[in-house]
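Structure at a glance
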Amino acid sequence: MAEGEKLIPVDIGDEMKSAYIDYSMSVIVSRALPDVRDGLKPVHRRVLFGMNELGVFSNSQHKKSARIVGEVLGKYHPHGDSSVYDTMVRMAQDWSLRYMLVDGKGNYGSVDGDPPAAMRYTEARMRKISEDMLVDIDKDTVDHQYNFDDTLLEPKVLPTRIPSLLVNGSSGIAVGMATNMAPHNLTEVIDGTVAYIENPEIDIEELIKYVKAPDFPTGGIIYGYEGVREAFKTGRGRVVVRAKTNIEEVNGKECIIVTEIPYQVNKAEMIKKTVDLINEKRIEGISEVRDESSGRGGMRVVYVLKRDAVANVVLNNLFKHTALQTSFSVNNIALVDGRPQLLNLKDLIHYFVEHRYDVVYRRTQFELKKAQERAHILEGLIIASDNIDEVIAIIRSSENANEARTRLMERFALSEIQSRAIVEMRLRQLTGLEQDKLRIEYEEVMALIKDLEDIIARKERRTEIIKEELLEVKAKYGDERRSQIEYAGGEFSVEDMIPDETMVITITHAGYIKRTSLNEYKTQNRGGVGQKASNTRDQDFLEHLFVSSNHQYMLFFTQKGKCFWMRVYEIPEGTKTSKGRAIQNLINIEQDDKVKAFISVKDLKDEEYINNNFLIMATKQGIVKKTLLEEYSRPRQNGINAITIKDGDELLEAKLTSGKSQLMLAVKSGRAIRFEEEKVRAVGRNSQGVRGIDLDVETDEVVGMIAIENPQEETVLVVSENGYGKRSYIDEPETGEAVYRITNRGGKGVKTISITEKTGNLVAIKSVLSGEDLMIINKSGIAIRLPIDDLRIMGRATQGVRLINIKGNDSIAAVAKVMKEDEQESSTDENQENGTEIESTE
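Within each chain, residues carry numbers counting from 1 in the order of the written sequence. For this predicted model, a pLDDT threshold of at least 70 governs which residues receive local features, and a threshold of 80 or more governs which side-chain atom pairs are given and counted, while totals over whole chains, interfaces and linings are taken from all residues. The side-chain quantities take in all heavy atoms of the structure and omit both hydrogens and water.

Section: the packing of aromatic side chains
For Phe, Tyr and Trp, rings pair up if their centres lie within 6.5 Å, where Trp contributes its six-membered ring, and each pair is then called stacked (planes under 30 degrees apart), edge-to-face (over 60) or tilted (otherwise). Taken as a whole and judged by the stated rule, the model has seven aromatic pairs. An angle of 50° between the planes, with centres 6.0 Å apart, marks the rings of Tyr20 and Tyr23 as tilted. On the criterion of helical spacing, the pair formed by Tyr20 and Tyr23 is a turn pair, its members being three residues apart in helix 1 (residues 12–32). Look at Tyr23 and you get partly exposed, because its relative accessible area is 44%. Ring centres 4.9 Å apart and planes at 45° place the aromatic pair Tyr225 and Tyr487 in the tilted group. Residue Tyr225 is located in the loop between strand 8 (221–223) and helix 9 (226–234), and its partner Tyr487 is located in the loop between strand 17 (484–486) and strand 18 (502–508); the two are separated by 262 residues in the primary sequence. To sort residues, take the accessible area from a 1.4 Å probe on protein chains only and compare it with the maximum for the residue type: under 20% means buried, over 50% means exposed, and anything in between is partly exposed. Relative accessible area serves as the criterion here: at 47%, Tyr487 is assigned to the partly exposed category. Feature note: the residues Phe216, Tyr263 and Phe328 constitute an aromatic cluster, connected by ring pairs. Secondary structure is summarised from DSSP: a helix means a run of H or I of at least four residues, a strand means a run of E of at least two, and numbering begins at the N terminus for each.

Okay, here's the thing in structure tokens:
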């Protein structure tokens, strides 16, 4: 240790705290956050001020970028050259700033993410709008501070006439905070600012009538307005932005054409990710993606659709999975008096207007001082011109200028400034014309002084000046809005594009799924052969059939106990005869798993709905489980565990209930059990459940479960594998006596159908009402639809009647009921469809 030095022990924790606070404050104040007054960060302000000092104005020649960067770097900005050049480049990109501040010449990058050329190759100059941000900077309108080496002064803020923070926005990440401010339309912002100046008590709802929404440089569509309103009112909000698209026919093929993309989206990256999603089969219906954008023609990205694709559904998937729809998270944090603050729309306008008041007041004071100084000199010159002969005599008789100034001051009671101006006066000012000019100029200066004093004395005058200057800016730079506002939009509200039709959803044994309009199925009488319902592959057959509407949510439950989500309209549509799409391409189901149950729910975001409904599940070995619907209300792409399945068992059925229903389980051997749902307590998602019916797992299995809400009105329908079926009362409607007695869960149950060799084993149990239709599909793909009312009520222990004629070794694969929404004629004619006879027989 050198002589005279000493060690001072310091606590490292305190030192780290102190150093980190100093660093974070430096980042917050001097780097990452914009000033609320001029909307600029220090680097932007220094670039513009450096260009101003260099004289690179909008009417001058472009100057090499390296020259400008060197000026800013050497004089004002103590950081890397890339930070300065990158800032200047962004200020010259029409897809980055709503109103560009720099006029660039050369390669300044592209919306595809191409980098700009090096600064030695590009040139730049200020734009006219930038000059309006620097106007009056030489009139002491703003405070200055010393630069990093205390040799030069730089402005702390620019005396801008442009409300830059609102019109161009800003983004930055500081320490412990960040800002992300959206750009807006200059015309709207100035209209809103003028409205605020006229009525400072104006509320934000009124301001929103002027400043309608953000206005992004790349255009696009602002989809939904709640996020915009939230951002304006609180300073934070989520604005959903969609690409501008239209559907055209190009070379005989239907195409989706994108002409504008959301703000800050890299077009090339977006196209690449879309192609990857198409290759991964996550987006269906697109055969080709082409980028036909050009400098003259503007942006044009073409998505060529496959022949069977529905354009609106494909477009919805693009919005959902790609950057064709993004959200801009507004976070209006800016520096107010050197402190970061969250600001709403009115705050932003208020602080800008206050800055303009300050600038106009200081400018007026500066101009008044200059005018008073000029008036003072003119007074002396007029005195001299009135006594010109004597003044000349005094000057000629003086030995030097100092003596002449002193003698003039004494003779005419002049100040030193006046006497200096007289001594330095040119001979041409002695002419009569020049003397008249002096008097005219003096009168003009005195009138100016009076006017400037009035401006300083009266705030109303300053208000009018601010309004006039803002309206001048609006006239010079105001333009039409680029981003379209879709007030009715919302989070993926594609229901408006897709009709809410009732659909039949079918799933084959091999896992092919499709939806078909219910109207494609005709009503037949009992005992008909049926229509050809589907072309299935060899050894494949239709195993599940469900009915739902396009707009509802779908919950798929697999035999391994997993749950997946989908909207009905997301299922590929097909005809009655098409085989459908492999379900593995739609949900992330394992190869050896199968969908065994399906539930259609109205709305998974309705808190009251999901907390007052339950899911009841049943397995082949007779286990039942009850869980609140809320546990299944948060969709995940890879699905969730719905129930823990034991070895050798599998999930068979799932039902949506209100918690007050009765449950019936039926087994292959023809027995059924009825018990109250309340006997099954609600458990968590990963639980196994409890025993619902006692059966021999070696020879018997559960074939179905029904949930009964109105036992007096509902009837039980059972169907055997050889086409026999019947309806039975649950409770006798006249006496109220239970046909199926209510027992505790876990019992053996009672006979529900008489099983014989002719009927075959029980395959299905359904709860049905009068007015409904029944759909039966056998393993060969033949389907029949018949009215429930054609089936008379029979005893619980009977074998029933023939519902469908089974040919050869065929057997029934699936049974479902259909709500009858409108009267349909029974098909009693003989028709031919796909080579299969459709006829009505008794």
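Some thoughts on the domain arrangement of the protein
Domain boundaries in the protein define domain 1 (29–156), domain 2 (244–323), domain 3 (356–477) and domain 4 (602–819). Once you take the C-alpha centre of each, domain 3 and domain 4 turn out to be 102 Å apart. Bear in mind that the domain bounds are from an automatic or database domain assignment.

Quick word on empty space enclosed by the protein
The gaps of empty space that remain are located by a probe, the size of a water molecule, rolled over the atoms. In the cavity and pocket records, a cavity denotes points on a 1 Å grid over the protein atoms alone where a 1.4 Å probe fits but cannot get out, a pocket denotes an open set with protein on both sides within 12 Å along at least 5 of 7 lines, and lining residues are residues with an atom within 4 Å of a point. Grid points are joined across faces, edges and corners, and a volume is the space filled by probe spheres set on the points. Within this structure, the stated rule accounts for five cavities of 30 Å³ or more. As for the largest cavity, its lining consists of Leu165, Leu166, Met181, Ala182, His184, Pro214, Ala231, Phe232, Val330, Asn332 and Leu348. Counting only elements with at least two residues in the lining of the largest cavity, the list comes to helix 6 (164–168) and helix 9. Of the residues in the lining of the largest cavity, the class split is nine nonpolar, two polar and no charged. The computed volume of the second largest cavity comes to approximately 60 Å³. Around the second largest cavity, the lining residues are Val36, Arg37, Pro163, Ser164, Leu165, Leu166, Thr193, Leu348, Ile349 and Phe352. Put simply, the parts of the chain that give the lining of the second largest cavity at least two residues each are helix 6 and helix 12 (345–386). Any residue outside Ala, Val, Leu, Ile, Met, Phe, Trp, Tyr, Cys, Pro, Asp, Glu, Lys and Arg is labelled polar, Gly included; the first ten of those are nonpolar and the last four are charged. When grouped by side-chain class, the residues that make up the lining of the second largest cavity number seven nonpolar, two polar and one charged.

Digging into a negative patch on the surface
Taken together, the side chains of Asp11, Asp14, Glu15 and Asp22 make up a negatively charged region of the molecular surface. Mapped onto the elements, Glu15 comes out in helix 1. The patches reported here contain residues having more than 30% relative accessible area and no salt bridge. Joining distances are 9 Å for like charges and 5 Å for nonpolar side chains (Val, Leu, Ile, Met, Phe, Trp, Tyr). For every accessible area listed, the method is Shrake-Rupley and the probe measures 1.4 Å; residues are considered covered only by the protein chains on display. Should a side-chain nitrogen of Lys or Arg be within 4 Å of a carboxyl oxygen of Asp or Glu, the pair is scored as a salt bridge. Under the counting rule used here, the positive set is Lys and Arg, the negative set is Asp and Glu, and His together with the chain ends is not counted. Taken as the charge centre is NZ of Lys, CZ of Arg, CG of Asp or CD of Glu, depending on the residue.

Structural notes on helix 2 (residues 42–54)
Relative to the 18 Å expected for 13 residues at 1.5 Å per residue, helix 2 spans 18 Å between its end C-alpha atoms, a close match to the ideal helical length. Taking burial as the measure, the 13 residues of helix 2 include twelve buried ones, the bulk of the element. Gly55 sits one or two positions beyond helix 2 and adopts a positive phi of about 80°. An expected span of 1.5 Å times one less than the residue number is assigned to each helix.

Quick look at the UniProt feature "coiled-coil region" (unreviewed entry) in the protein
UniProt positions are given in the numbering used here, feature names are shortened, and annotations may be inferred rather than shown by experiment. Annotation from UniProt places "coiled-coil region" (unreviewed entry) at residues 435–476. Between the C-alpha atoms that bound residues 435–476 there is a distance of 40 Å. The span itself is 98% helix and 0% strand.

Re the sheet that holds strand 28 (residues 640–641)
Taken together, four strands build an open sheet; the order of strands is 25-22-23-28 and the sheet is antiparallel. What marks the edges here is a single partner per strand, and that holds for strand 25 (595–601) and strand 28. Any two strands with at least two DSSP-identified bridges between them are counted as paired. Bridge analysis of strand 22 (residues 553–558) against strand 23 (residues 562–567) gives five bridges, and the strand direction is antiparallel. Along strand 23, the bridge assignment pairs Phe557 with Cys563.

With respect to the nonpolar core
Put simply, a nonpolar core is a bunch of buried Ala, Val, Leu, Ile, Met, Phe, Trp, Tyr and Cys residues held in one set by side-chain atoms that sit within 4.5 Å of each other. Counting 100 residues, the largest nonpolar core has Leu48, Met88, Leu101, Ile162, Leu186 and Phe232 as the members making the most contacts within it. No other element matches the 14 residues that helix 12 contributes to this core. Looking at this core, you find at least three residues from each of domain 1 (29–156) and domain 3 (356–477).

Description of the side chain of Ser96
Locating Ser96 in the fold gives a position in the loop between helix 4 (81–90) and strand 2 (102–105). For the purposes of these results, a polar contact is taken to be a pair of N or O atoms within 3.5 Å, where, inside protein, one atom must be able to donate a hydrogen and its partner to accept one; residues adjacent in sequence count only when each atom of the pair is a side-chain atom. At a separation of 2.8 Å, a polar atom in the side chain of Ser96 contacts the side chain of Gln93. Residue contacts are defined here by distance: any two heavy atoms, one from each residue, within 4.5 Å place the two residues in contact. Sequence-distant contacts of Ser96, defined by excluding residues within four places in its chain, comprise Arg90, Pro217 and Tyr263.

Considerations on the side chain of Asn778
The topology assignment puts Asn778 in strand 38 (residues 772–778). In terms of polar contacts, Asn778 uses its side chain to reach the side chain of Asp810, at 3.1 Å. Sequence-distant contacts of Asn778, that is, excluding residues within four places in its chain, are made with Ile804, Ile806, Asp810, Ser811, Ile812 and Ala813.

Describing the sheet that holds strand 1 (residues 63–64)
Strands sit in the order 1-3-2 across an open sheet of three strands; the sheet is antiparallel. Two strands close off the open sheet at either side, each with one partner strand: strand 1 and strand 2. Both strand 1 and strand 3 (residues 123–126) contribute to a ladder of two bridges, which runs antiparallel. In the strand pairing of strand 3, Lys64 is matched with Glu123.

Describing the packing of helix 7 (residues 186–198) against helix 12
Fitting a line to C-alpha atoms yields each axis, with helices limited to the stretch in contact; the angle taken between N-to-C directions then spans 0 to 180 degrees. Viewed as axis vectors pointing N to C, helix 7 and helix 12 meet at an angle of 75°, and their least axial separation amounts to 10 Å. It follows from the interaxial angle that helix 7 and helix 12 lie roughly perpendicular. In this structure, helix 7 contributes Gly192, Thr193, Tyr196 and Ile197 to the contact, and helix 12 contributes Lys346, Ile349, His350, Phe352, Val353 and Tyr357. Classifying every residue of the contact of helix 7 with helix 12 gives six nonpolar, three polar and one charged. Any angle from 65 to 115 degrees is called roughly perpendicular, while one under 35 is roughly parallel, one over 145 is roughly antiparallel, and all others are oblique.

As for the packing of helix 13 (residues 388–397) against helix 14 (residues 401–412)
Here helix 13 crosses helix 14 at 145°, and the two axes come no closer than 8 Å. The handedness of the crossing between helix 13 and helix 14 is right-handed. Counted together, Glu390, Val391, Ile394, Ile395 and Ser397 of helix 13 and Glu403, Ala404, Arg407, Leu408, Arg411 and Phe412 of helix 14 form the full contact between these two elements. The residue makeup of the contact of helix 13 with helix 14, split by class, is six nonpolar, one polar and four charged. Put simply, a crossing is left-handed when the front helix is turned counterclockwise from the back one by less than a right angle, and right-handed when it is turned clockwise.

Overview of the pairing of strand 7 (residues 178–181)
Where strand 6 (residues 170–173) and strand 7 come together, four bridges link them in antiparallel fashion. Bridged to Ser170 within strand 7 is Met181. Connecting strand 6 to the antiparallel partner strand 7 that follows it, the hairpin turn spans four residues, and Gly176 within it adopts a positive phi of roughly 80°.

Considering the pattern of salt bridges
Oppositely charged side chains can form a pair if their charged atoms are brought close together. Scanning all chains against the criterion turns up 59 salt bridges. The salt bridge involving Asp191 is made with Lys474; its shortest N-O contact spans 2.7 Å. Separated by 283 residues along the polypeptide, Asp191 in helix 7 and Lys474 in helix 17 (residues 459–477) bring together distant segments of the chain. Here Lys474 falls in the partly exposed class, since its relative accessible area comes to 27%. The closest approach of N and O atoms between Glu260 and Lys244, which form a salt bridge, is 3.7 Å. With Glu260 in strand 11 (residues 253–260) and Lys244 in strand 10 (residues 244–250), the pair connects residues that are 16 residues apart, well separated along the chain. In this structure, a network of salt bridges that share partners links the residues Asp136, Lys139, Arg161, Arg356, Arg363, Glu367 and Glu469.

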